[in-house]
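# A structural walkthrough
Spelled out, the chains give:
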Amino acid sequence: MIKLRPATISDAEAVVRVHFAAVHGPGPSTFYTQDIRQSWSPSPTDECAINRFHQTIQSKEKLLVVAELIENTVIVGFGSVTPSEKKIGAVYVDPAFSHQRIGSKILAHLEEFALVQGTNKLYLDASLNAENFYCHHGYSVLEHTSHRLHSGVMIDCVKMSKELHANH
């Protein structure tokens, strides 16, 4: 069982750990070279990444949520959305906890938050390995393109969008 909650500053290191595990897990390794994955997420203790997540957590524009195991409060996934930009920034799950619908729950929570904030359409740049996940959740492919990582390295991605509707 997991619970979703807004991230706090003290979660940043766990978020970077999950990011590293996901980027270096079996999904991305099928589509991206080791060099690209190393640029994408160099270390589970990377200070620059921890600082970036500190800034995201403190941002008034973005919502960063974490998925936490109820029994031991371990963070196993996270996601972010910026409603003012109509953009999903991330949905990552530790591969040790994949196929438990954690990513689906995170995404639904982000979409609901965006809808409440008045956003009726979301965009994202999906990694190649995540395209099917987002398609399964109603996102449409706009184009295959590239995305600039924080490191400056460009990676292949899929620009996608989804119309949001209230569940009434």
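Presented here is a report on the structure given in the accompanying data block.

## Some thoughts on the overall build of the protein
A tally of helices and strands in the protein yields 6 helices and 7 strands. The helix and strand sequence of the protein, counted from the amino end, reads β-α-α-α-α-β-β-β-α-β-α-β-β. A globule of 168 residues ought to have a C-alpha radius of gyration of about 15 Å, and the protein, at 15 Å, matches this closely. Counting only residues that meet the buried cut, the protein has 43% of its 168 residues in that class. For the protein, the accessible surface area stands at approximately 9,000 Å², while carbon and sulfur atoms represent 51% of it. For the protein, the distance from the average position of its 15 positive side-chain charges to the average position of its 17 negative side-chain charges is 3 Å.

## Describing helix 5 (residues 102–116)
Taking 1.5 Å as the rise per residue, helix 5 with 15 residues should run 21 Å; its terminal C-alpha atoms sit 21 Å apart, in good agreement. By the burial criterion, the buried members of helix 5 are Ile-102, Gly-103, Ser-104, Ile-106, Leu-107, Leu-110, Glu-111 and Ala-114. At the C-terminal side of helix 5, Gly-118 shows a positive phi close to 95°.

## Some thoughts on the pattern of salt bridges
Evaluation of the coordinates by the stated rule reveals 8 salt bridges. Here Asp-94 and Arg-17 are joined by a salt bridge, their closest N and O atoms 3.4 Å apart. Of this pair, Asp-94 sits in the loop between strand 4 (87–93) and helix 5 while Arg-17 sits in helix 1 (residues 12–23), and the two are 77 residues apart along the sequence. The exposure class of Arg-17 is partly exposed, given its relative accessible area of 31%. For Asp-125, the salt bridge goes to Lys-87, with nearest N and O atoms at 3.6 Å. Pair noted here: Asp-125 is in strand 5 (residues 121–127) and Lys-87 is in strand 4, with a separation of 38 residues, a long-range link. Here Lys-87 falls in the partly exposed class, since its relative accessible area comes to 27%. Each of the salt bridges in this network shares a partner with another, and the network as a whole consists of Lys-3, Arg-5, Asp-11 and Glu-68.

## Considerations on helix 4 (residues 47–58)
Taking 1.5 Å of rise per residue, 12 residues should cover 16 Å, and helix 4 covers 16 Å from first to last C-alpha, within 8% of that figure. Those residues of helix 4 that fall on the buried side of the exposure criterion are Ala-49, Ile-50, Phe-53, Thr-56 and Ile-57. The arc enclosing the buried residues of helix 4, seen along the axis, measures out at 120°, which places them on a common side. Opposite the buried face of helix 4, at more than 90 degrees from it, the exposed residues are Glu-47, Cys-48, Gln-55 and Gln-58. Next to the buried residues of helix 4 lie helix 1, strand 2 (63–69) and strand 3 (75–82).

## Observations regarding the packing of aromatic side chains
The relative placement of two aromatic rings is captured by the distance of their centres and the angle of their planes. Throughout the structure, instances matching the rule amount to 5 aromatic pairs. Centroid distance Phe-78 to Tyr-92: 5.3 Å. Interplanar angle 25°. Geometry classified as stacked. Of the two residues, Phe-78 is situated in strand 3 and Tyr-92 in strand 4; the sequence distance between them amounts to 14 residues. The same class applies to Phe-78 and to Tyr-92, which are both buried.

## Looking at the side chain of Glu-111
Residue placement: Glu-111 occurs in helix 5. Glu-111 gets classed as buried once you look at its relative accessible area, which sits at 12%. Beyond its immediate sequence surroundings of up to four residues, Glu-111 is in contact with Leu-122, His-137, Tyr-139, Lys-162 and Leu-164.

## Topic: the packing of helix 1 against helix 4
Packing of helix 1 against helix 4 leaves a shortest axis separation of 9 Å and a crossing angle of 120°. It follows from the interaxial angle that helix 1 and helix 4 lie oblique. As helix 1 runs across helix 4, the sense of the crossing is right-handed. Listed contacts from helix 4 to Ala-12, Glu-13, Val-15 and Val-16 of helix 1 are Ala-49, Ile-50, Phe-53, His-54 and Ile-57.

Conventions and cut-offs
- Residues numbered from 1 in each chain as written.
- Predicted model: local features only at pLDDT ≥ 70, side-chain atom pairs only at ≥ 80, totals over all residues.
- Heavy atoms only, no water.
- Helix = DSSP H or I, 4+ residues; strand = E, 2+ residues; numbered from the N terminus.
- Rg over C-alpha atoms; globule rule 2.2 N^0.38 Å.
- Buried < 20%, exposed > 50% of the residue type's maximum accessible area, 1.4 Å probe, protein only.
- Areas by Shrake-Rupley, 256 points an atom, 1.4 Å probe, with all protein chains shown as cover.
- Lys, Arg positive; Asp, Glu negative; His and termini not counted.
- Charge placed at Lys NZ, Arg CZ, Asp CG, Glu CD.
- Expected span 1.5 Å × (residues − 1).
- Salt bridge = Lys/Arg side-chain N within 4 Å of Asp/Glu carboxyl O.
- Arc of directions from axis to C-beta.
- Contact = heavy atoms within 4.5 Å.
- Phe/Tyr/Trp six-rings, centres within 6.5 Å; stacked < 30°, edge-to-face > 60°.
- Axes fitted to C-alpha atoms, helices over the stretch in contact; angles between N-to-C directions.
- Parallel < 35°, antiparallel > 145°, perpendicular 65-115°, else oblique.
- Left-handed = near helix turned anticlockwise from the far one by under 90°.

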